[in-house]
Amino acid sequence: MENNMVEWVEKKLIKAIKSALKTTMKEQDIKIEPIPDIKVEVPREKEHGDYATNIAMVTAKHFKRSPREIAELLIKNIDAKLIKSISVDGPGFINFELNNSWLYDTIRLIDRLQNKYGEINVANNQRVLIEFVSANPTGPLHVGHSRGAVVGDMTANIMEKAGFDVWREYYFNDAGNQIDILAESTLIRYKQLFDIDIDLPSNAYHGKYLIDIAESLKDKWGSELLEKEIVEQIKICKEFAFKRLKNKIEDDLKYFGIRFDNWFYESSLHNGEIEKAIDILKEKRYIYKEEGALWFKSKKFGDDKDRVVVKSDGSLTYLAADIAYHLDKLERGFDKLINVWGADHHGYIDRVRASIQALGYPADVLEIIIVQIVTLLRDGEKLTMSKRAGEFVTMRDVIDEVGKDAARYFYIMRSADSHFDFNLELAKEQSASNPVYYIQYAHARIHSILENAGDIEVEKANLELLKCTEELDLIKLMAQYPEVIKDSALSRQPHLLANYAYDLANAFHVFYNQCKVISEDKKRSQARLKLVLSLQQVLQNLFLVLGIDAPKQM
RNA sequence: GCGCCUGUAGCUCAGUCUGGAUAGAGCAACGGACUUCUAAUCCGUAGGUCAGAGGUUCAAAUCCUCUCAGGCGUACCA
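Remember, predicted model here, so these are calculated numbers, not experimental data. (Residues numbered from 1 in each chain as written. Chains lettered and ligands numbered in written order. Predicted model: local features only at pLDDT ≥ 70, side-chain atom pairs only at ≥ 80, totals over all residues.)

**Section: the overall build of chain A**
Alright, step 1. Along the backbone of chain A there are 19 helices and 15 strands.
Alright, step 2. The principal-axis extents of the C-alpha atoms in chain A amount to approximately 90 × 60 × 40 Å.
Alright, step 3. Counting every position in chain A, which comprises 554 residues, the buried fraction comes to 40%. (Helix = DSSP H or I, 4+ residues; strand = E, 2+ residues; numbered from the N terminus. Buried ≥ 20, exposed ≤ 12 C-beta atoms within 10 Å, placed from the backbone.)

Set out below in structure tokens:
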């Protein structure tokens, strides 16, 4: 069953071109081996038709003739029902103009698939684990985590639509040194509430949120905690603070429209899993001892240098746990592991990939999406985002300030590769002209049209009446939706979908200004209403993937 | 030093993976369009050495090499 009209059309075109090429080769008594890949593309300029191919230019050398001559020979042999006209232009492009029937079929397709329109299968249900955010539970999520959160969430959404079997996971580092510092910091804050004179050490967490947590601790325990053994104090503080922060992180993500299938705890690896992973590496002779520490031979797999997994004092490095974690992921049977990391972790890629190879898996099962640093600007000044310094803007603050939809769109509209200045004033001031409102406004306008439509019978619509440029351009874009899902999913670039959403809304606004939907002309009203209904469906499908609301009025 | 990311209009960025025809949006500027299904919209004008230099190609913002500039990273930290 067809679910992607653009793909269908392109296949037909390519087939027609290929057969023309073969015929022409026979006529000219020339053999080209292998037959070059035939590509068709939508030309930038409208005058160049709906599609163009460069095949004449690519094969000119073999034919020993000018591209334009080849093109003229080829078009005599091209034949397909969907082609309305063919012409040769420029240095040797063959341009095609298509009949509109495939566009009307697109509307019928959307009508048939409804909320399934845009669901394709380019992945054969490959199982993918996407790990993202994974911030340390030592403080609330700050603005720097937001981008990775949205990128991860959107990538997961898009890959699901493209036919991947996606599993979303958050990894909590609840076993390392930082958690101990968190416990100590909490205890000091707690003691300070009893006027005990201690200062936070410089490496402690200085954020205000720990005072709040200490207050809660006091509400629960009173001064009782002070009576206990120090080991016990630390343990209680650790559990209490961790639980509070973990819940806070989960709440904030939920508030941002981001869900996870699993919250994975590093501590669960400390029951022998890490030793198991290291043992496997030992057996394969990728571990050696030097200066009292155990080293992993990551250099053998392309890393800059070997890495310590067990320190000379016997404690484990972060990498040791991470190796075990990735082994655990692989043993759960995923075909692909995708990690979304901040740019400050990119130096870590080689060693983790090395460990995956050392464990016997191909290097490319692991894919890392690096999101570049976000700089937060307030009053034109950069805000530092160190948790320990305690001065940072939380993710929650930003969402409350600019709104969930705007924040999500803002973080996704640019490629993850590009550096990103988040100017709070700008985001607030321009909220009315923020692209997300532009897109949502399209949906609200459609709703308004439908309210005014009364009892117009859409089912009798004659789609052939849709033939002005604005209508056809809009449908062409609607037809692109499954294709955009495909490109976006396969290239792991969610921002493509955000750009598409903008283009689609733009095409609608142009149409809206040019074409009155409900008019005296009853037949035309039916057809346009049908078009608008289809667009509403596409927008709703799209908004669901973007994670933004589809407002009925604004 | 080495590695990764970036450099495109006054500003913020698409386009680079997969090379195509006259390099596009938004914001800012200027000029138009509401007796109309929402003007949170639309139309027009102006704005460019695609950081620079070589190379590959019929064709380069896009691929290769070098240079310059900014960011990030280069732990027995997490």
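**Considerations on the domain arrangement of chain A**
When the parts of a complex come together, some accessible area is lost, and that lost area is often taken as the interface size.
Alright, step 1. Parsing chain A into structural domains produces domain 1 (5-99) and domain 2 (433-546).
Alright, step 2. Taking the mean C-alpha position of each, domain 1 and domain 2 sit 31 Å from one another. (Domains from an automatic or database assignment.)

**What to know about the sheet that holds strand β10 (residues 307-310)**
Alright, step 1. Within the open sheet, the three strands sit side by side as β8-β9-β10. Their pairing is antiparallel. Pairing within the sheet leaves two strands with one partner each, and these edge strands are β8 (287-290) and β10. The sheet shows a mean angle of 45° between the axes of neighbouring strands, direction not considered.
Alright, step 2. Sheet analysis places β8 next to strand β9 (residues 293-296), joined by four bridges and oriented antiparallel. The residue of β9 that forms the bridge with lysine 289 is leucine 294. (Pairing = 2+ DSSP bridges. Axes fitted to C-alpha atoms, helices over the stretch in contact; angles between N-to-C directions.)

**As for the protein's contact with RNA strand B**
Alright, step 1. Residues in contact with RNA strand B amount to 67 residues; listed here are only the nearest, Gly90, Gly176, Glu291, Gly347 and Ser448.
Alright, step 2. When contributions to the surface near RNA strand B are tallied by element, the ones reaching two or more residues are α2 (55-63), β4 (93-98), α6 (177-192), β15 (420-423), α16 (435-453), α17 (469-491) and α18 (495-514).
Alright, step 3. The element best represented in the surface near RNA strand B is α16, accounting for eight residues.
Alright, step 4. The residue inventory of the surface near RNA strand B, partitioned by class, reads 26 nonpolar, 28 polar and 13 charged. (Near = placed C-beta within 6 Å. Nonpolar A, V, L, I, M, F, W, Y, C, P; charged D, E, K, R; others polar.)

**Focus: the sheet that holds strand β6 (residues 165-172)**
Alright, step 1. Within the open sheet, the five strands sit side by side as β7-β6-β5-β11-β12. Their pairing is parallel. Of all the strands in the sheet, the pair left with one neighbour each is β7 (262-265) and β12 (366-371). Neighbouring strand axes in the sheet, compared pairwise and without regard to direction, differ in orientation by 25° on average.
Alright, step 2. Pairing geometry for strand β5 (residues 127-131) and strand β11 (residues 336-342), over four bridges, is parallel. Paired with leucine 129 across the two strands is leucine 337, which belongs to β11.

**A short note on helix α11 (residues 318-331)**
Residue pairs three or four apart in sequence face the same way in an α-helix, which turns once every 3.6 residues.
Alright, step 1. Here α11 is 14 residues long and its end C-alpha atoms lie 20 Å apart, about the 20 Å a rise of 1.5 Å per residue gives.
Alright, step 2. Listed in full, the buried residues belonging to α11 are Ala320, Ala321, Asp322, Ile323, Ala324, Tyr325, His326, Leu327 and Lys329.
Alright, step 3. Against β5, β6, α10 (273-283), β10, β11 and α12 (349-358) lie the buried residues of α11.
Alright, step 4. Once α11 ends, the next one or two residues include glycine 333, with phi positive near 90°. (Expected span 1.5 Å × (residues − 1). Contact = placed C-beta atoms within 7 Å.)

**Observations regarding the nonpolar core**
Alright, step 1. Counting residues in hydrophobic clusters, the biggest one holds 149 residues, and the most contacted among them are Leu74, Ile94, Ala320, Ala324, Met478, Ala501 and Leu535.
Alright, step 2. Three or more residues apiece are contributed to this core by two domains, here domain 1 (5-99) and domain 2 (433-546).
Alright, step 3. Ignoring any residue separated from it by four or fewer positions in sequence, one finds alanine 324 in contact with Leu269, Glu273, Ile274 and Ala277. (Core = buried A, V, L, I, M, F, W, Y, C linked by C-beta atoms within 7 Å.)

**Considering the environment of aspartate 251**
Alright, step 1. Relative to the helices and strands, aspartate 251 resides in helix α9 (residues 230-255).
Alright, step 2. Sequence separation of aspartate 251 and phenylalanine 194 is 57 residues, and the distance between their C-alpha atoms is 30 Å.

**Quick notes on unusual backbone geometry**
The general pattern is negative phi for most residues beyond glycine and trans for most peptide bonds.
Alright, step 1. With phi around 55°, aspartate 29 is a residue other than glycine that occupies positive phi space.
Alright, step 2. On the secondary structure map, aspartate 29 appears in the loop between α1 (5-28) and β1 (40-41).
Alright, step 3. Its identity as a non-glycine residue notwithstanding, serine 134 has a phi of 45°, on the positive side.
Alright, step 4. The residue serine 134 is located in the loop between β5 and α5 (143-161) in this model.
Alright, step 5. Note on serine 134: 23 C-beta atoms within 10 Å, which makes it buried.

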